Amino acid sequence: MRAGPDSSCLADLRTTDPRHDKKRIQDTKGGLLKDSYCWILDNADFQRWRDDEQSRLLWIKGDPGKGKTMLLCGIIDELKSQTGLLPYFFCQAADSRINNATAVLRGLIYLLVDEQPSLISHVQKKYDHSGKGLFEDVNAWVALSEILTDVLQDLSLKSTVLIIDALDECVTNRAQLLDLIVQMSSESHSKWIVSSRNWPEIEKRLEIAGEKVNLCLELNAESVSAAVGKYIQHKVDRLARLQRYDSKTRDAVRDHLSSNANDTFLWVALVCQELEKISRRNTRAKLKAFPPGLDDLYERMMEQICSSDDVDICKPILACVTTVYRPITLKEITSLVDMQEDISDDPEYLEEAIRLCGSFLTIRNCTIYFVHQSAKDFLLTKAAGDIFVLKIQEEHHNIFSRSLQVMSEVLQRDMYGLDAPGFPIDKVSQPDPDPLAAVRYSCVHWADHLSDSDSCGKHLEDLQDGGAVDTFLRKKYLYWLEALSLLKNMSQGVLSMAKLEGLLQRRADTSQLKDLVRDTRRFILYHRWAIENSPLQVYASALVFSPARSITKNLYKKEEPEWIAIKSGIEDDWNACLQTLEGHSDFVNAVAFSLDGTVVASASGDRTVKLWDVRSGQEQQKLEGHRGSVKAVAFSPDGTVVASASSDETVKLWDVRSGQEQQTLEGHSDSVSAVAFSPDGTVVASASEDGTVKLWDTRSGQEQQTLEGHSNFVNAVTFSPDGTVVASASEDGTVGLWDVRSGQEQQTLEGHLGSVNTVAFSPDGTVVASASDDGTIKLWDTRSGQEQQTLKGHRGSVNAVAFSLDGTVVASASGDRTVKLWDARSGQEQQTLEGHSDFVNAVTFSPDGTVVVSASDDRTVKLWDVRSGQKQQTLKGHSGSVGAVAFSPDGTVVASASGDGTAKLWDARSGQEQQTLKGHLGSVNAIAFSPDGTVVASASGDRTVKLWDAQSGQEQQMLKGHLSSVSAVAFSPDGTAVVSASGDGTVKLWDARSRQEQQTLKGHLGSVNAVAFSPDGTVVASASDDGTIKLWDARSGQEQQTLKGHLGPVSAVAFSPDGTVVASASYRTVKLWHAQSGQEQQTLKVDFPLREILFLNNESYLNTDRGVLDITPTRSSSTSSVTIPLFVNEKWIVRGSEALLWIPPEYRARSVAVFGGLVVLGHASGRVSMIVFTLQAQV
């Protein structure tokens, strides 16, 4: 590998070096014989491809064993000196490194870049942005396709021939690879050679290529036969030397091979391999035992195994290797096959046992492979009765049973010795020896084998209460999840639990196991992200944040961290939310289900569309190309195309399989808000802020109609089920119904008191539902235009609405952060789904009506189970978002302030609510304790400050005078004065006893967000949206200093204990200032916006609303871990640089307070959670 800045990029790109694969293949097959391939150089079809500039694709096809791979090896050697660049790749179905389309592209690009280093620029620019994930994540195919396209269009590229062998052995995404080959062979100046078996599906896709040359080996039988003859002569000469044949034996062997080879190289190779095992004197007598044809030869090999003394060893090995879903290692097979200890414990004995299996198997790098794909095909189709005791389902059950047994023996807590609870998976190194080596296959595939043994009957006992599965889940489930994370295969775990739940649906006698599996599935769905990214969080976050009555949580109580205790705020039962899909970096504006319900598409302000696998929650594709926020997304009826609408004024059509952009529809003059397909998929409708709806032909991309009539933005559009009518929803407060053919408006539905945000047809087309900023959903008769129902219940704008497939249920999404389900006939609310922490923008039903998916400004997509009938739990706490929390000076009481207009006081030890402070007429924005803890001050959107007795909860005083919402409040150090800050741009000083306003401090040019007294009470600091901090004389009200330097609104301010330093916070920065001179002393970067800051007594730390922040420029690494304080960022509770506890999306805080080891989280749902960390315990 070359040294330099590009070396890491090349190293990460490399999954294999095709040059090494070529040498290995040639060595395995006994070397490359020029006489066996040189015939093709004189072949007319080959010469036409080579010499004709227009003939860019050569397809060499033939039956198994015809020598295609060695033929291509020879072509590569011959073309090396005749062409500039010659990248190539060898596919092998049995090798997971080189049996997929992504690996092919990585191999080709690797050789191109290695041979012409200047081409690295096409890879490097993407690699610098994404790192190794560019080549490995779900979007690797899309990225690599673009890179290869760019490389092949590079003007500096030398003449290039690309060669791919064995396309039939490209197991994953072969169709995509074929399509790309056809596309590139026609669009670039490069030439291609590919080989495969005679498969119709490959022929069908390659047939599209314009100038393609077919070279069929069966049609060149004479040349192939001559080549095989030369190969036979070569192999016989080698055998004669090795075995010391006399001339008669040598001639007999040659004649037999020539007479029976049927022009098949593989047959010759296998027979010669068997002849090496036969003594010279028996060779001629045994020759007739080798029948012509591959299948007949395989049959003979099988007969030999069955009649040998080793049959009891060979049959189980062959049965296992034939049944497993991927090639397994020598260590793995000892776990899956019951064999004698002297064999399983001795690698040499084990390899010998594999070699006893005739010539069916080979070993490479301690992994067992079939010698050829045709060998596995034979065992499955023609020798199944020989290798399987009864049938393959029995072998599936054997593998399942052995897997459960070995996992139960091996799996335990912290198998890789990570120790740290937040140790990230991308920093995990596999230990040597690997404690998971023998169970890697079992961890991933045990449930698959159980499922595939379904018809054999044995699995019935395993799926009983108290059976093998029940026992495994009760004793080893958490350790299995840890192992899956270490193996980077959590998605397979999700699928395994879904498969297990499906198997139990048909059983009526397993009530306890059904409940357990249902709970374990909810557990992995809910906590997948945490476990996937930090394996040991399965014992921390997953157990801490699971509901109190979770079966899994209670089974593994002993595994909960000793250093964490929950005080309050955790749900009792699982709610209706099945999964939360995270990955977007901005608001999620829209979601859609594919017609078969297997894929969800999400559209985001981060300019991307993501496609997600519904069962596993895995991201499948990331569609990039829009230059603005993506506002809407829709699937075509056949599920092959996704349409997206963007603020960049365009609609894009994407191929779902490849992720490639197909068309860009341009014509709108403003942001495109919505998009929909007609029921037959031939038309796309788009709605825009330019006030129009446009209809487009999906094939040509041509605009067909423009529907004009709305007087404001058009927010939504949809087709009627029969495709004859389009409905549009507008900012003008109306819904329009349009005739698709004529483009004429048929009806205008009026009645909403605000903007209409969305519209949907019932499945039978008789009803239209509309949702509005006025907080209501209206149901309309499509024929008469009459309003039928008004559904009321949301406390904010309704942003989306959808009908269930049978039309009986309406789902609505709102700015109040909830999704509601309504009875479409009666208009009664059935269910409220709570869990999002910000506006919910979109909602839709799965095609079978069992799942609702929602998208939110909290950047998540949630899947909800609507079958469970689970009502949302009544949570102790506020009924509105908790915007502020504060501790009393002694840390015994927590105060919370909410958008519901109340403040609550909680016992910090027990988590019990003590008082509810009611009286404000608007949201409570801020809360503070007096220095002695006897008085609580609250600041409200009703423009007042209230003072409350902390013990009785009685209101003592109301301070009026601000002209706008009061955003902050604080007491003077002696408790005699109160300072308040307001959106009116002023700061007010009040006498705490008399309620009299003492001073109004004016000077800020924006809302004032925070205030603080100096330790001696003589100075007030204020922080404002105008980006400044002002220091004021508390007695005279005169401005002393204006501190400038922040680039945005300043959210928090505090004095140091000695009053010499002022700290201020703005978005993700904290600044320290000299209080007297106003000079900036230090700037700190933080990873989360701060709303409150306060110096601790030693001045080395700032206590913030997210925890304690170290502001010492350098700190010795020897500092005791016990003294390092806690901090809460967006997703983690951390201590210093150590991540301790991952916070699930539903528990991420709008406000935070930390007092020693007690962390208080105030949530958008109104819940207040308290978590106690025992800092003295070793984490």
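Residues numbered from 1 in each chain as written. Predicted model: local features only at pLDDT ≥ 70, side-chain atom pairs only at ≥ 80, totals over all residues. Heavy atoms only, no water.

(A) Summary view of the overall build of the protein. When helices and strands are counted, the protein shows 29 helices and 65 strands. Relative to the 2.2 N^0.38 estimate, which gives 32 Å for 1179 residues, the radius of gyration of the protein is 36 Å and therefore close to what a compact globule would have. Taking the principal axes of its C-alpha atoms as reference, the protein extends roughly 125 × 75 × 65 Å. Expressed as a percentage of its 1179 residues, the buried residues of the protein come to 59%. (Helix = DSSP H or I, 4+ residues; strand = E, 2+ residues; numbered from the N terminus. Rg over C-alpha atoms; globule rule 2.2 N^0.38 Å. Buried < 20%, exposed > 50% of the residue type's maximum accessible area, 1.4 Å probe, protein only.)

(B) How the structure looks around the sheet that holds strand 41 (residues 924-929). Strand order in the open sheet made by the 4 strands is 41-42-43-44, with antiparallel pairing throughout. Looking at the sheet topology across the chains shown, the edges are occupied by strand 41 and strand 44 (955-960). Taken over all neighbouring pairs, the strand axes of this sheet differ in orientation by 20 degrees on average, direction set aside. Of the strand pairs in this sheet, strand 42 (residues 935-940) and strand 43 (residues 944-949) are connected by 5 bridges, and their pairing is antiparallel. Within strand 43, the position partnered with Ala937 by the bridge is Leu947. (Pairing = 2+ DSSP bridges. Axes fitted to C-alpha atoms, helices over the stretch in contact; angles between N-to-C directions.)

(C) Broad picture of the pattern of salt bridges. One pass over the structure, following the stated rule, counts 47 salt bridges. With a closest N to O distance of 3.3 Å, Arg174 and Glu201 form a salt bridge. Here Glu201 lies in helix 10 (residues 200-206) and Arg174 lies in helix 9 (residues 174-187), a separation of 27 residues in the sequence. Since its relative accessible area comes to 14%, Arg174 is described here as buried. Take Glu201: its relative accessible area is 43%, and that puts it in the partly exposed class. Between Glu559 and Arg413 there is a salt bridge, with the nearest N and O atoms lying 2.6 Å from each other. Taken together, the residues Glu559 in the loop between helix 29 (551-555) and strand 8 (564-568) and Arg413 in the loop between helix 22 (392-410) and helix 23 (440-452) connect sequence positions 146 residues apart. A relative accessible area of 8% means that Glu559 is categorised as buried. (Salt bridge = Lys/Arg side-chain N within 4 Å of Asp/Glu carboxyl O.)

(D) Highlighting the packing of aromatic side chains. Applying the stated criterion across every chain, the model contains 19 aromatic pairs. Both rings, one in Trp529 and one in Trp1142, keep their centres 5.3 Å apart while their planes meet at 20 degrees; by these two values the pair is stacked. Here Trp529 is found in helix 27 (residues 511-533), whereas its partner Trp1142 is found in strand 62 (residues 1138-1142), with 613 residues between them in sequence. An angle of 25 degrees between the planes, with centres 6.2 Å apart, marks the rings of Trp563 and Phe1173 as stacked. On the criterion of sequence distance, the pair formed by Trp563 in the loop between helix 29 and strand 8 and Phe1173 in strand 65 (residues 1168-1173) is long-range, its members being 610 residues apart. (Phe/Tyr/Trp six-rings, centres within 6.5 Å; stacked < 30°, edge-to-face > 60°.)

(E) Region of interest: helix 13 (residues 265-275). With 9 of 11 residues buried, helix 13 is to be regarded as a mostly interior element. Buried residues of helix 13: Phe265, Leu266, Trp267, Val268, Leu270, Val271, Cys272, Glu274 and Leu275, and no others. On its buried face, helix 13 sits against helix 11 (221-243), helix 12 (247-260), helix 14 (283-286), helix 15 (294-307) and helix 20 (373-381). (Contact = heavy atoms within 4.5 Å.)

(F) Spotlight on unusual backbone geometry. A cis amide bond links Asp432 to the next residue, Pro433, at an omega of 5 degrees. Secondary-structure assignment places Pro433 in the loop between helix 22 and helix 23. Unlike most non-glycine residues, Ala166 shows phi in positive territory, near 60 degrees.

(G) Here's a closer look at the sheet that holds strand 17 (residues 661-666). Spatially, the 4 strands line up as an open sheet ordered 14-15-16-17, and their pairing is antiparallel. Two strands bound the open sheet, and with one partner strand each, they are strand 14 (630-635) and strand 17. The sheet shows a mean angle of 20 degrees between the axes of neighbouring strands, direction not considered. In the sheet, strand 16 (residues 650-655) pairs with strand 17 via 5 bridges, with the strands oriented antiparallel. Within strand 17, the residue paired with Trp654 across the bridge is Glu661.

(H) Spatial organisation of the environment of Ser1165. If you trace the backbone, Ser1165 turns up in the loop between strand 64 (1158-1162) and strand 65. Expressed as a C-alpha distance, the spacing of Ser1165 and Ile333, which sit 832 residues apart in the sequence, is 51 Å.

(I) Inspection of the nonpolar core at higher detail. Among the nonpolar cores identified, the biggest contains 135 residues, and Ile60, Trp192, Ile193, Ile333, Phe360 and Leu361 are the most heavily contacted of them. With 10 residues, the top contributor of residues to this core is helix 5 (residues 101-115). Apart from residues lying up to four places away in sequence, Trp192 is in contact with Trp49, Arg56, Leu57, Leu58, Leu108, Leu148, Leu152, Leu162, Ile164, Ile181, Met184 and Ser185. Ranked by size, the runner-up nonpolar core spans 71 residues in total, among them Trp446, Leu478, Val1152 and Val1159. (Core = buried A, V, L, I, M, F, W, Y, C linked by side-chain atoms within 4.5 Å.)

(J) Structural context of the pairing of strand 32 (residues 818-823). Summarising burial for strand 32: 5 of the 6 residues are buried, a large majority. Connecting strand 31 (residues 809-814) to the antiparallel partner strand 32 that follows it, the hairpin turn spans 3 residues, and Arg817 within it adopts a positive phi of roughly 75 degrees. Where strand 32 folds back on strand 33 (residues 829-834), the antiparallel hairpin that results is connected by 5 residues, among which Gly827 adopts a positive phi of roughly 80 degrees.

(K) Structural view of empty space enclosed by the protein. Overall, the coordinates contain 2 cavities of 30 Å³ or more when judged by the stated rule. Of the voids in this model, the largest cavity is the one considered here, and its volume is about 80 Å³. Forming the boundary of the largest cavity are 13 residues, of which Tyr526, Pro547, Glu571, Trp574 and Asn575 lie nearest the centre. The computed volume of the second largest cavity comes to approximately 30 Å³. Lining of the second largest cavity is provided by Leu148, Thr149, Leu152, Gln153, Met184, Glu187 and Ser188. (1 Å grid on protein atoms, 1.4 Å probe; cavity = no way out; pocket = protein on both sides within 12 Å on 5 of 7 lines; lining within 4 Å. Points joined across faces, edges and corners; volume = space filled by probe spheres on them.)

(L) Highlighting the pairing of strand 48 (residues 997-1002). Strand direction decides the pairing type here: strand 47 (residues 986-991) and strand 48, joined by 5 bridges, are antiparallel. In the strand pairing of strand 48, Thr986 is matched with Lys1002.

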